[in-house]
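Secondary and tertiary structure notes
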Amino acid sequence: MTDQPPIPFVKGVPFLGSTFAFLHNPLGFLRRLQKQYGDQRLVRIQLGRRTVTVLLKPEEAKYVLQENNRNYGRGRSYKVLREFLGDGLLTTDGDYWRRQRRLAQPAFHRQKLAVLADTMIDEAVAWTGRLQAQDRTRPVDVSTVLTDVTLRIVTKTLFGSGLGNQTASLSQALNELNHIISQTVLNPIRLPSWFPSPANQAYEKASKQVNDLITGIIQTRRQDATPHDDLLDMLLRATDEETGEGMTDAQLLSELITLFTAGHETTATSMAWTLYLLATHPDVQTRARTEAQQTLGTRTRFSADDLRTMPYLSQVINESLRLYPPAWAMSRLSLGPDTLGVYSLAADEGVLVSPYILHHDPASWPNPDQFDPDRFAPERAAGRHSYAFLPFGGGPRLCIGNQFALLEMTALLGQLLTMFDLTSADTTAAQPSPLITLRSKQPIRLYLRNLTI
Ligand code: HEM
């Protein structure tokens, strides 16, 4: 190991290294690194007091996320999230994470998802109905309408439709909690959690409300032998093959809040980008609509099977996830020393895997900024490295909700395209803003014109 060269290091400015350059424009900064250091495959930068190794090629991403994943734990950003989400799938590591993942995985199997897909389709139909009833001479802010529908879908698929008037209060409380978490995680000046600041007090209040509501739901369900077609039911029934034990109420609570948080804004964000791309590429929109219309035929509602049989729509979604991956960066910490390609990596080093950077590498994606769904046509995708496209991460920590998200997006897109023509209300191009997820800097506003008129 000692013969190996150190990873190329970007010095930046004295004491602060690349901190300001990165914070000022993270995506621009990372793309400059890619241009300058792409041939070396990785590069180390200084962020604050720590150094971070940025992986610039899919081979190293695969190595860290999959081949030697046991040497890489959750990075620092997950430690902050853990304060809020507790010990859930997203924030834990090691044996604890492995057991929770084993318990939760069956809830996301194909047949189980087919049941949840029906809920998604019902919600997609209701959503387009609400859009149709709106005043459509004015543009629609897509983030608002998508947050609304993805919230409904995640609440219903997690907790079922039997919550009655609790559905609205739960959804509202969880959304508020989610909002406070995002604001706090992104704020560089964080007061300790015991300090009675307005943000900490708002968090305490929302968190207590969510915990009380979900704990109440869990306890009611534990007394109820009737099967429910929702994720909570599947998680409640899950037992560990080795010990025969299931999850405690506290574990269920953390996993439910995690699934809600991880599964809601990501999907709303990528749907917003997809609608924007379709509105600004009318030829792609027409082709996607034709496929959706032909699949639907004379029916008014898609079936769960239909959602897996629209290859062009799936190419469109993939290309949108390539250009604007909601999880634009994933952080890891090396647990022990390692060898990355020809370089040596020390223990306790930050490692950054950025889907955004790998998705814009010209070596894998010629003209990387161009929207071209045919890149995902089987003949063009053949031979591409499997980690050149990783919107859902990879290896054992691959997003547990990836198929859920793709089904949901297909249901919403398919339904929307069969009813409306989409055009952009703005002349300037939308710019990505890397917050916790990769949102658009400006609101995305579209006109929805009724196709039948
Ligand atoms: C377009 C939508 C989505 C995107 C782009 C996305 C992306 C990701 C990525 C990149 C990871 C891996 C993070 C890492 O390894 O550091 C992840 C993990 C995770 N996602 Fe998603 N996700 C999406 C939707 C969902 C949905 C719908 C759910 C649940 C219903 C969900 C639940 C989770 C959970 C629980 C994890 C942690 C898995 C583990 O480590 O075992 N995600 N997601």
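Quick notes on the rules
Residues numbered from 1 in each chain as written. Predicted model: local features only at pLDDT ≥ 70, side-chain atom pairs only at ≥ 80, totals over all residues. Heavy atoms only, no water. UniProt positions renumbered as here; feature names shortened; annotations may be inferred. Near = heavy atom within 4 Å. Polar contact = N/O pair within 3.5 Å; in protein donor to acceptor, adjacent residues only side chain to side chain. Helix = DSSP H or I, 4+ residues; strand = E, 2+ residues; numbered from the N terminus. Domains from an automatic or database assignment. Pairing = 2+ DSSP bridges. Contact = heavy atoms within 4.5 Å. Axes fitted to C-alpha atoms, helices over the stretch in contact; angles between N-to-C directions. Donors = N, O, S within 2.8 Å, 3.2 Å for Na, K, Ca; no water.

In the nomenclature of an unreviewed UniProt entry, the protein corresponds to Cytochrome P450 from the organism Spirosoma oryzae. Comment text from UniProt for the protein, heading Cofactor (unreviewed entry), reads "heme".

1. Describing the site of the ligand
Lining the immediate environment of the ligand, one finds 25 residues, of which Tyr78, Trp97, Arg101, Arg332 and Cys399 sit closest. Here Arg74 contributes a side-chain N or O atom positioned 3.4 Å from an oxygen atom of the ligand. Every element with two or more residues in the shell around the ligand is listed here: α5 (94-104), α11 (249-280), β6 (330-334) and α16 (402-419). For the shell around the ligand, the leading source of residues is α11, giving 6 residues. Split by domain, the residues of the shell around the ligand number at least three in each of domain 1 (1-86 + 328-390) and domain 2 (91-296 + 397-453).

2. Section: the sheet that holds strand β5 (residues 140-141)
Pairing within the open sheet is antiparallel, and its 3 strands lie in the order β5-β13-β10. Of all the strands in the sheet, the pair left with one neighbour each is β5 and β10 (420-424). Examined bridge by bridge, β5 and strand β13 (residues 445-450) share 2 bridges and lie antiparallel to one another. Residue pairing in the sheet places Asp141 in a bridge with Arg445 of β13. In the packing of α11 onto the sheet, contacts are made with β10 and β13, and the angle to β10 comes to roughly 85°.

3. Thoughts on the environment of Pro58
Tracing the sequence through the fold places Pro58 in helix α3 (residues 58-67). Separated by 72 residues in sequence, Pro58 and Arg130 place their C-alpha atoms 43 Å apart.

4. A few points about the coordination of the iron atom of the ligand
Each angle at a metal carrying four tetrahedral donors should ideally be 109.5 degrees, and each at a metal carrying six octahedral donors should ideally be 90 or 180 degrees. From the protein, the iron atom of the ligand takes a single donor atom, Cys399 (SG), 2.3 Å away. Here Cys399 lies in the loop between α15 (378-381) and α16.

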